[in-house]
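Topology and contacts: notes
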Amino acid sequence: METKDRILVDLPGVKNRDRVRKLLQGTANLEFWETFDNADLIQNLYAADKMVREYLSTEKQLKEGAETVAATEPETTEPAETAETAGKEEKEKSGELSLLDQIQSDTTSADSMPSNIESVYPLLSILNPSQDRETGKPYPGAIIGRAHFKDTVKINRYLLMAKEHQLFPREVRFMWAALPITGQDKKPTDIFELYAIKVRSRDGKAPLDGDVIVSASQEFDDMNGTAYVRMTMNAEGTRKWAHITKENVQKVVCVVLDSRVYSGPVVQTEITGGTSQISGNFSVNEAQDLANLLKSGKLPAPATIIQESVVGPSLGHKAVTDGLSSFLIAFLVVLLYMVLYYSRRAGLIADIALLANMFFIAGVLASIGASLTLPGIAGIVLTIGMSVDANVLIYERIREEMAAGKGVRLAVTDGYKNAYSAIIDANVTTLITGIILYIFGTGPIKGFATTLIIGICTSLFSAIFITRLIFERYLNRNKAMTFDTSVSRNAFKNVQIKFIERSRTFYVISGLILLVSVGSLFVRGLDPGVDFTGGRNFIIKFDQAVSTDAIAKSLESQFGKAPQVILFGDDNQVRITTRYKVDEEGSEVDDQIQHMLYDGLKPFLGTNVDYTSFTENNWQSNQKVGPTIADDIKRQAGVAITIALVFMFFYILLRFRNWQYGLGAIAALIHDTLIVLGSFSLLYGLLPFSLEIDQAFIAAILTVVGYSINDTVIIFDRLREYIALYPKRDRKEIMNLAMNSTLSRTFSTSFSTIIVLLAIFIFGGEVIRGFVFALLIGIVVGTYSSVFIATPLVYDTIQRIEKRKAAKAKK
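Since this is a predicted model, take the numbers as computed values, not measurements.

Conventions adopted
Once a new chain begins, its residue numbering starts again from 1 and follows that chain's sequence as written. With pLDDT at 70 or above as the cut-off, local features in this predicted model cover only qualifying residues; side-chain atom pairs require 80 or more to be listed or tallied, and sums for whole chains, interfaces and linings still use all residues. Side-chain descriptors were evaluated using all non-hydrogen atoms of the structure, hydrogens and water having been removed beforehand. Only residues whose relative accessible area exceeds 30% and that form no salt bridge enter a patch; like-charged residues are grouped when within 9 Å of one another, and nonpolar side chains (Val, Leu, Ile, Met, Phe, Trp, Tyr) when within 5 Å. Shrake-Rupley sampling with a 1.4 Å probe provides the accessible areas, and residues are treated as covered by the protein chains on show and by no other component. Salt bridges, as used here, are contacts in which a Lys or Arg side-chain nitrogen is within 4 Å of a carboxyl oxygen on Asp or Glu. Put simply, DSSP marks the helices as runs of H or I at least four residues long and the strands as runs of E at least two long, and each gets a number from the N terminus on. For every residue, the accessible area obtained with a 1.4 Å probe (protein chains only) is divided by the maximum for its type, and the residue is called buried under 20%, exposed over 50%, and partly exposed between those limits. Any two residues having at least one pair of non-hydrogen atoms within 4.5 Å are treated as being in contact. A score between 0 and 100, pLDDT records how confident the predictor is in each residue. A helix is expected to span 1.5 Å for every residue after the first. Our arc is simply the arc of the directions from the helix axis toward the C-beta atoms. The aromatic pairing rule takes the rings of Phe, Tyr and Trp, using the six-membered ring of Trp, and pairs them if the centres are within 6.5 Å, calling planes under 30 degrees apart stacked, those over 60 edge-to-face and the rest tilted. A ring is scored as having a charge over it whenever the NZ atom of a lysine or the CZ atom of an arginine sits within 6 Å of its centre and within 35 degrees of its normal. Pairs of N or O atoms are called polar contacts if they sit within 3.5 Å, as long as, within protein, a hydrogen donor faces a hydrogen acceptor (for residues adjacent in sequence, only side-chain-to-side-chain pairs). Strand pairing is assigned whenever DSSP identifies at least 2 bridges connecting the two strands.

The subject of this paragraph is a nonpolar patch on the surface. A contiguous nonpolar surface patch, about 290 Å² in accessible area, is contributed by Phe360, Phe461 and Phe465. As for its placement among the helices and strands, phenylalanine 360 is situated in helix α10 (residues 344–367).

Printed below as a string of structure tokens:
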């Protein structure tokens, strides 16, 4: 499936997720079908049960093998040949056999069944026949049986096998009811009815469909206290409907929507008015949804939910609250840092620019109708740290101009002018990362990229234009301006670190770290999330602390294989991951898995928690990723990283006219990426938070790529400037001088960004902790590689080429 065939639907504030699934996946394909009578098919049903029993018995014997069969007496799947059994077989032949002497009215009660009942009656032990309990005579109507929703898939398979063996009429088609039957307390149960539909046409189409519906509305029956849908047909539909009802007086005609039977009324007389109704114990909302679907018309093809993420109100509220808290804390820390490092007046000017930047971001997001999500908040918070960089670059250049003896006004003018090149290069490289994230990301990643792109653009405007206007106003009033404090005045001055001379030491350190990282990737691998494997994640909260091992063991009885269960935040909240039926689609599969989850967690929920209470209170969130979208995510992640690296290389090549600069930058990026990957490989399962590889991790990697290249480009830009200023100096001396002169800027930008990320990591909540952890490692490693790897590698490659040229010249 191509991306153009997909749409993303965001529905903030939705409470009934099952209702949304049905609305999204419904095609509004309304059909009216004639039916078989139950009595006409009861013998076929018994024959099908016998055929399935024989098939399963043969299959079991084949699996056990000939030696096992010869060594041990196999337990027969046929009832013992006694007078009682013989009598029952005679009843079966005469159509009077009632299985209810072995199967109670509720087919799901295992306690009421003999232990081998399913091997004796594999079909009829799970499909309760529609017949009288005493006499065994079939009830009139089109319903041939009832079953628990968990057994519907197995029943469908058995009935398909029977049809392939021609045990049912060719015209029969089985369809399940759309809604479960109600119990004595008038509440829905887990039992669904199975209808026998009669297909008369050769093309298999219904004699009447929803194309003839011209209007539909939700109505309410005051007598019965139930809602129903009233429909009006066009002239063609009125004529066909009159014919169908005339031919089926005192018979059942089923009203089917999307292959589910909504009602099966008995026709009392011919209906000629073209008006009919669909009833089926609907709630008002269900009837309204059905009416809306009918009015909108059927879709040419069904919509399939291939990826789903549902966040409950409590977890959603906590996530947003944590995100906003980390936002405010990080913002205040950055504002305070700028004042402490660059003086009260200059720091306040930078703070005003940051505040204006926040208003611009909020305004742009509001104007495009963007929803406020946790990755979006993270993008805004990260923008705070990164937008400081433009102010830092300008202030550092102004300080250098003032140190050279220039007056404040001239220093400000030259500082802005000389900082433009580095600011543009640094922000364009980060912008490339944001654009690639936006193009190849989906859902929350695209939201993160959106805020990042907007933040870069608004921060450039704020740092360059707003601060310049304020400075001009102050200078025109002859206000005294300083750009340092007692803390920062002598910081990083007269630093003469021999970076190039010590490059071999840092190569060895990086080599050892890379060796451990790559080794761990081969030995331990990574912990791929459902984004890359496909599957379902559920976050469940309990009233007390729980054991993950106990929960996994309890769920194993439901899913057949124990799902992965880990603590998620507090010790009373877990995340459950399973691939159970990930290849199967449809709302009924989702409903089945949710009920299985509830059944497996019952021992930990308490006696007063029913299914409704479980979904409303304990259910925090769920995520579903189908195998198709998982494969696409893996492919897009690889493409995004590759394209990002290629674009970085060519941009640097274009700007610096030297491929060695591009090589040094790309080598540093690969270095950073491998170390972040290695850290996740080494530490997953050891730290008290998730280190899964998912879409958020890919966003973190690309953000680290953008940040690292930002740092590297700043140094390269200064290096290019010094080579032009001092063409006769030794290249090693120039490179050391360039790196030493940018240390203050590197410290300020990295420190402010790390402080921001620490605030998010500590206060941002469990949902985003793994994502921020990747960013923290990446920022630290990216800063290190920009100084100690990228530039020394440029020097070494240039020197090697020059030596080769010199050697050739001598020859």
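The next subject is the side chain of threonine 577. Tracing the backbone shows threonine 577 in strand β15 (residues 570–578). For threonine 577, a relative accessible area of 15% gives the class buried. Not counting residues up to four positions away in its chain, the partners in contact with threonine 577 are Val530, Arg536, Asn537, Pro563 and Gln564.

Time to look at the confidence of the model for the protein chain. Of all residues in the protein chain, 80% attain a pLDDT of 70 or more, and the chain-wide mean is 79. Mean pLDDT in the protein chain bottoms out at helix α4 (residues 83–94), which sits at 40, and peaks at helix α14 (residues 503–523), which reaches 94. Counted against residues more than four places away or in other chains, residues 66–113, with its pLDDT under 50, gives 66 contacts.

This part is about helix α16 (residues 548–559). For α16, spanning 12 residues, the distance from its first C-alpha to its last is 16 Å, which sits close to the expected 16 Å at 1.5 Å a residue. Along α16, the residues that are buried comprise Ile551, Ala552, Ser554, Leu555 and Phe559. The buried residues of α16 occupy an angular sector of 165° when projected down its axis, which confines them to one face. For α16, exposure combined with an orientation more than 90 degrees from the buried face picks out Asp549, Lys553 and Ser557. Looking at the residues trailing α16, positive phi occurs at glycine 560, about 85°.

Under the criterion given, the structure shown has 28 aromatic pairs. Arranged with centres 4.9 Å apart and planes meeting at 70°, the rings of tyrosine 341 and tyrosine 342 form a pair that is edge-to-face. A single burial state applies to tyrosine 341 and to tyrosine 342, both of which are buried. Consider the rings of tyrosine 395 and phenylalanine 471, whose centres lie 6.0 Å apart with planes at 70°: the pair is edge-to-face. In this pair, tyrosine 395 is assigned in helix α11 (residues 374–403) and phenylalanine 471 in helix α13 (residues 444–476), connecting sequence segments 76 residues apart. Connected via pairs of aromatic rings, a cluster forms that spans Tyr337, Tyr341, Tyr342, Tyr395, Tyr416, Phe471, Phe483, Phe492, Phe747 and Phe751. If you follow arginine 468 out to its NZ or CZ, it ends over the ring of tyrosine 416, 4.9 Å from the centre. Over the ring of tyrosine 684 we find arginine 524; its NZ or CZ atom is 4.3 Å from the centre of that ring.

This part covers helix α22 (residues 731–741). Among all positions of α22, only Ile734, Met735, Asn736, Ala738, Met739 and Asn740 are buried. Contacts made by the buried residues of α22 are with α21 (695–725), α23 (743–763) and α24 (769–810). Its side-chain oxygen at 3.1 Å from the backbone nitrogen of lysine 732, aspartate 730 defines the N-terminal cap of α22.

Moving on: unusual backbone geometry. Of note, the phi angle at glutamine 250 is positive, near 65°, even though the residue is not glycine. Positionally, glutamine 250 belongs in the loop between α7 (235–247) and β9 (253–257). By relative accessible area, glutamine 250 is classed as exposed at 53%. Its identity is not glycine, yet serine 343 carries a phi of approximately 85°, on the positive side. By the element assignment, serine 343 lies in the loop between α9 (313–342) and α10.

Of all the six residues making up strand β3 (residues 143–148), five are buried; the element is thus mostly covered by neighbouring parts of the structure. As paired strands, strand β2 (residues 128–129) and β3 are joined by two bridges and run antiparallel to one another. Bridge assignment links proline 129 to a residue of β3, and that residue is glycine 145. Alignment of β3 against strand β5 (residues 191–198), held across five bridges, turns out to be antiparallel. Residue pairing in the sheet places alanine 147 in a bridge with phenylalanine 192 of β5.

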